Amino acid sequence: MSTTQQANDMQKNVREGWQDPSIAERYARAEAATRPYANIIIDKASLASNITDHNCTVNALDFGCGTGVVTAALYDIVPKEKWSNVKVLGGDISPHMLDYLRGRGEKNGWTGLTTQIVDGADIQLNNNQFTHIFANAIIFFLPLGALEKLFDLLQPGGFIGLTTWASFGWYSYVERAVNNMSNPPFLPTFSEIRDSLQKGNAWHEPAFVKQQLEETGLQDVELVVEKRNVECGTPAQFCESMMMPMTIVSGHWKESNRQETLKEVMSELKKVMIEEAGGEEGMCYMQMEGIVGVGWKSMKKAKW
Ligand SMILES: C[S@@+](CC[C@H](N)C(=O)[O-])C[C@H]1O[C@@H](n2cnc3c(N)ncnc32)[C@H](O)[C@@H]1O
């Protein structure tokens, strides 16, 4: 299989993976990795003080919302009596993620929440409508033009906050699992996986993230680069949440025996995680390094 074919297969598998009916339940645990960065974005957006002190209203897009970690972080910092000031559109390519988020919103009383299928590769939303756009752990999956489109969706004075990964901690565990096998499958290097995932764009480099935000026209661009040691549940739970990363890895294997190889690697991975956690009921941890980039459309804070 050629490298281009592998990259295409992997992109296709990732896209299909988000359509898996079990994706939301499996993904929910991965919020442990994305929540710290969602909190940073929400903090940088200065939402709480503007709503509480100036009675501002928010019309936000949680883009690539997944199970709604950013929406949850937003509602968490707004006092309940001000929730009527908040409107959030959860947009995602996966209907299962949106179902999950809708249920979460109903359970928590987030009455300003609506959801809609939004494909980042072809965004069909009206321009100049959102005060805030949050794109936590999504932008690197998309063609570069997606950020420009997000910028267009923003009202003057609006805010964009996004997160990319400088590194993700699961690779070393998968590498250990593969190395333990008597007949190991080909394991692409960490940078090969990252490059095909990011379509060769350097979203893992702070300078690139800053450049993208500034070239799009955002002002007062700020970056926060932060490492977090994330609790990922028991070995079984960790392996469950590895569905999407393993889709990326297995995209590099021949389709004919992909599922069988995947099963074998997952079985080894579970052993590695049991060893790490000190038993089946112990906790697994993973080191993540996120890059949060934020910026404002001109007429800074005119509405905010
Ligand atoms: C890594 S998850 C991040 C979810 C959430 N923002 C978080 O921080 O936990 C990526 C999300 O982007 C969605 N996604 C992937 N490709 C997309 C696309 N082309 N357009 C919109 N959403 C997409 C996936 O369905 C998934 O929910």
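Residues numbered from 1 in each chain as written. Predicted model: local features only at pLDDT ≥ 70, side-chain atom pairs only at ≥ 80, totals over all residues.

Per an unreviewed UniProt entry, the protein chain goes by Methyltransferase domain-containing protein and derives from Didymosphaeria variabile.

Enquirer: Which residues make up the overall build of the protein chain, and what values do they have?
Expert: The number of helices and strands found in the protein chain is 13 helices and seven strands. In terms of C-alpha radius of gyration, the protein chain reaches 20 Å, essentially the compact-globule figure of 19 Å for 304 residues. Expressed as a percentage of contacts within the protein chain between residues at least 6 apart in sequence, the contacts between residues at least 24 apart total 83%. (Helix = DSSP H or I, 4+ residues; strand = E, 2+ residues; numbered from the N terminus. Rg over C-alpha atoms; globule rule 2.2 N^0.38 Å. Contact = placed C-beta atoms within 7 Å.)

Enquirer: Quick rundown of the site of the ligand? Include the residues and the values.
Expert: Around the ligand there are 22 residues in total, and Thr 34, Gly 64, Gly 66, Gly 120 and Asn 136 lie nearest to it. Elements represented by at least two residues in the shell around the ligand include exactly helix H3 (31-44) and helix H5 (69-77). (Near = placed C-beta within 6 Å.)

Enquirer: Explain the packing of H3 against H5 to me, and be specific about the residues and the numbers.
Expert: It is the contact of H3 with H5, at a shortest axis distance of 9 Å, that shows an interaxial angle of 50°. Put simply, H3 runs oblique to H5. Crossing of H3 against H5: the hand is right-handed. Along the contact surface, H3 presents Glu 31, Thr 34, Arg 35, Ala 38, Asn 39, Ile 41 and Ile 42, while H5 presents Val 69, Val 70, Ala 73, Leu 74 and Ile 77. For the contact of H3 with H5, a count of residues per class yields eight nonpolar, two polar and two charged. (Axes fitted to C-alpha atoms, helices over the stretch in contact; angles between N-to-C directions. Parallel < 35°, antiparallel > 145°, perpendicular 65-115°, else oblique. Left-handed = near helix turned anticlockwise from the far one by under 90°. Nonpolar A, V, L, I, M, F, W, Y, C, P; charged D, E, K, R; others polar.)

Enquirer: Break down the UniProt feature "domain: Methyltransferase" (unreviewed entry) in the protein chain for me, citing the residues and quoting the values.
Expert: When the UniProt feature table is mapped onto this chain numbering, "domain: Methyltransferase" (unreviewed entry) sits at residues 61-158. For residues 61-158, the helix share is 33%, the strand share is 28%, and the end-to-end C-alpha distance is 11 Å. (UniProt positions renumbered as here; feature names shortened; annotations may be inferred.)

Enquirer: Pulling in residues and values, what's your account of the packing of helix H8 (residues 170-179) against helix H13 (residues 258-277)?
Expert: The contact between H8 and H13 brings their axes to 8 Å, and the two run at 115°. Relative to H13, the element H8 is oriented roughly perpendicular. As for the relative orientation of H8 and H13, their crossing is right-handed in sense. In contact with Tyr 173, Val 174, Arg 176, Ala 177 and Val 178 of H8, H13 contributes Val 265, Glu 268, Leu 269, Val 272 and Met 273. Partitioned by chemical class, the residues of the contact of H8 with H13 number eight nonpolar, no polar and two charged.

Enquirer: Please give an account of the sheet that holds strand E3 (residues 113-117) that cites residues and values.
Expert: Spatial ordering of the open sheet is given by E3-E2-E1-E4-E5-E7-E6, a layout of seven strands whose pairing is mixed. Sheet topology places E3 and strand E6 (219-231) at the edges, where each strand pairs with a single neighbour. Ignoring strand direction, the axes of neighbouring strands in this sheet form an average angle of 20°. (Pairing = 2+ DSSP bridges.)

Enquirer: Outline the pairing of strand E7 (residues 285-296), supporting the account with residue identities and numerical values.
Expert: Counting buried positions along E7 yields nine of twelve residues, so the element is predominantly enclosed. In this sheet, E7 lies alongside strand E5 (residues 154-167) in antiparallel orientation, the contact comprising eight bridges. Each bridged residue has a counterpart across the sheet, and for Ser 167 the counterpart in E7 is Glu 289. Direction of pairing for E6 relative to E7: antiparallel, over a ladder of eleven bridges. (Buried ≥ 20, exposed ≤ 12 C-beta atoms within 10 Å, placed from the backbone.)

Enquirer: Explain helix H7 (residues 145-153) residue by residue, including any values.
Expert: When we look at burial in H7, the residues that qualify are Ala 146, Leu 147, Leu 150 and Leu 153. Burial along H7 is one-sided: seen end-on, the buried residues are contained in an arc of 110°. H7 presents Gly 145 and Glu 148 as exposed residues on the side facing more than 90 degrees away from its buried surface. (Arc of directions from axis to C-beta.)

Enquirer: Give a detailed account of the pairing of E5, specifying residues and quantitative values.
Expert: Bridging between strand E4 (residues 130-136) and E5 involves six bridges; their strand directions are parallel. Within E5, the residue paired with Phe 134 across the bridge is Gly 161. On the question of chirality, the crossover connecting E4 to the parallel E5 by way of H7 is right-handed. (Right-handed = clockwise from strand over helix to strand, strands pointing away.)

Enquirer: Mind laying out the environment of Phe 168, listing which residues take part and the relevant values?
Expert: Mapped onto the fold, Phe 168 is located in the loop between E5 and H8. A C-alpha to C-alpha distance of 6.6 Å links Phe 168 and Glu 289, two positions 121 residues apart in sequence.

Enquirer: Please provide a residue-by-residue account of helix H12 (residues 243-250), values included.
Expert: Among all positions in H12, only Thr 247, Val 249 and Ser 250 are buried. Seen end-on, H12 carries its buried residues on one side only, within an arc spanning 165°.

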